[in-house]
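# An overview of the molecular structure
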Amino acid sequence: MNDWPLKSAHKETVASFEQQLRDTQQALWGRKKLFVWGAGVRGTLLGLLLEKNNHNSFSYIDGDSRKWGMNICGHMIQSPEELWKTSPEDLYVLIPLEYSEDVQKILEKHGMVEQRHFSVIRSTEKQNFQDTFFSQYDKKILLIGGSLFNEILLCEEHDNDLKEDLRLRYGSTMKVLSMNSISIGGYYYLYRLQLLCGQVPEQVWIFISWDLLTEYVHKLPRSQHVDLLEALKNKSGVSDDTLDCYLTQASLRAVDYKMELEHSPLRVFDGERPSSESVHRGYLKKSLLYSVNTETESFDYLKSIVDLSCQYGIKCRMFITPYNYELVEEYFGSHAKALVGENFAKLQQFFNLHDVPIYDMGRLLPNKDFETAVTVNDAISKEGRKKILQQLGAWGL
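Now for a description of the structure that goes with this document. Within each chain, residues carry numbers counting from 1 in the order of the written sequence. In view of the model being predicted, local features appear only for residues whose pLDDT reaches at least 70, and side-chain atom pairs are presented and counted only at 80 or more, with totals across whole chains, interfaces and linings using the full set of residues. As a rule here, side-chain values cover all heavy atoms of the structure and leave hydrogens and water aside.

### As for the overall build of the protein
The line we're drawing: The way it works is that DSSP assigns letters per residue, a run of H or I at least four long becomes a helix, a run of E at least two long becomes a strand, and they are numbered from the N terminus. Based on C-alpha atoms, the radius of gyration is set beside the globule rule, defined as 2.2 Å times the residue count to the power 0.38. Buried residues are those whose accessible area, probed at 1.4 Å on protein chains only, stays under 20% of the maximum for their type, while exposed residues exceed 50% and partly exposed ones sit between those limits. By the convention used here, residues are in contact when the closest approach between their heavy atoms is within 4.5 Å. We treat Lys and Arg as the positive residues and Asp and Glu as the negative residues; His and chain ends play no part in the count. Working definition for charges: the position is that of NZ of Lys, CZ of Arg, CG of Asp or CD of Glu.
Helix and strand counts for the protein stand at 15 helices and 15 strands. Relative to the 2.2 N^0.38 estimate, which gives 21 Å for 397 residues, the radius of gyration of the protein is 22 Å and therefore close to what a compact globule would have. Its C-alpha atoms give the protein principal-axis dimensions of roughly 65 × 50 × 40 Å. Per-residue burial over the protein gives 54% buried out of 397 residues. Across the protein, contacts joining residues at least 24 apart in sequence account for 78% of those joining residues at least 6 apart. Charge separation in the protein, taken as the distance between the mean sites of 45 positive and 54 negative side-chain charges, equals 2 Å.

Okay, structure coming up:
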């Protein structure tokens, strides 16, 4: 199998993609042409899994003209126009996009029928999240976090992710609500909905990565998760005007793709795929090497989380997640270490004002415990996850 640029992924997404590929085997075999619509992270993951399942001949379709003519591991990225050159009966399209409705409409407009000519490859991560959200537990610790808890190295796909490791350690005393790329505002409303549903824990643990505190991340489409929050609200039956206002704003932000492009690391330069190092540098510079401003929307929501905890008598703890400090300092030198130190001091001052402890895992893990791919998709190895659990124990938690 080719050496794919993607080295890590959401464990539940990998499992659900593999299951759906098995379910569509009969449709895939015998077709003259196989296409994957979307040459991003999810499309890359699906391509890797196709090769793993002996489907080696396929191409990518993408609406971004800058990608046309490029390739991912030898699989060409082409314009949607390429599809119309072949009879629908001689091709099959797999759509791994999170929001696939527009693509489905395009295919149907050209006479293609779902299951006969194309399939949407869906992840079960959001349904699993909903199941966890409404599950009962002993209400000792509610943990809210991001991708740290969900991502695994693809070479370790049969190992637990950090979320599963925590469940083994803490059992029914802990509930873990972790969703990739969700903003601090999303954290707040997940927490608020839990409390309004009567799920009031003794403690809440909030895990914060440095990119969540930038002045732009809360505006990015990928940070909104409108459909998830709406589904949780509707199923809970809770009436919450404040959440309704937030969802209205989030719906507008969710389609601001210009904002996404402006603040995402560039992966295309003059028609060529950039080097791994250039992508890493761009990502780290945007997400880590900035001066924290505590007068932003993200900090307003952190303050709201603290206030909500006080209102319900819940012990609130904040955690800074590990980052690849060795790589950062290799690229940017001692300036990076000093800047991150200054930013952590600002966080300490902010939370000290509210009598909230903050635990710093930032420099916990060396470079070897991280896997960073060209697609800027970071994950921590099994050994790194073990060190995180050990650190929690060292803190007496």
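### Here's the deal with helix α14 (residues 334-352)
Quick note on the threshold: A helix's residues, less one, multiplied by 1.5 Å, set its expected span. Taken from the helix axis, the directions to the C-beta atoms give the arc we talk about.
End to end, α14 covers 27 Å across 19 residues, agreeing with the expected 27 Å (1.5 Å per residue, within 8%). Residues of α14 that are buried include every one of Ala 336, Leu 339, Val 340, Asn 343, Phe 344, Leu 347, Phe 350 and Phe 351, and no others. One side of α14 holds all its buried residues, which, seen down the axis, span an arc of 135°. Along α14, the residues that are exposed and aim more than 90 degrees away from the buried face are Ser 334, His 335, Gln 349 and Asn 352.

### Overview of the sheet that holds strand β4 (residues 71-72)
We apply this condition: Should DSSP find at least two bridges between two strands, the strands are taken to pair. Angles shown run from 0 to 180 degrees and are taken between the N-to-C directions of axes, each axis being a line fitted to C-alpha atoms and, for helices, limited to the stretch in contact.
Taken in spatial order, the six strands make up an open sheet running β4-β5-β3-β2-β6-β7, and their pairing is mixed. Every interior strand has two partners, whereas the edge strands, β4 and β7 (118-120), have only one. Of the strand pairs in this sheet, strand β2 (residues 33-37) and strand β3 (residues 59-61) are connected by three bridges, and their pairing is parallel. Residue pairing for β3: Phe 35 is matched across the bridge by Ser 59. Across the sheet, helix α3 (residues 41-52) lies against β2, β3, β4, β5 (75-78) and β6 (91-95), angled at about 150° from β2, the strand it touches most.

### Details of the sheet that holds strand β12 (residues 315-320)
Pairing in this open sheet of five strands is parallel, and the strands run β10-β8-β11-β12-β13 from one edge to the other. Since the sheet does not close on itself, it has two edges, and those belong to β10 (174-178) and β13 (358-360), each with one partner. On average, each strand axis in the sheet is tilted by 20° relative to the strand beside it, whichever way the strands run. With three bridges joining them, β12 and β13 adopt parallel strand pairing. By the bridge assignment for β13, Phe 319 is matched with Tyr 359.

### Digging into the pairing of strand β8 (residues 141-145)
Counting buried positions along β8 gives five out of five residues, so the element sits mostly inside the fold. In the sheet, β8 pairs with β10 via five bridges, with the strands oriented parallel. Looking at the pairing, Gly 145 lines up with Ser 178 of β10. Alignment of β8 against strand β11 (residues 203-208), held across four bridges, turns out to be parallel. Residue pairing for β11: Ile 141 is matched across the bridge by Gln 203.

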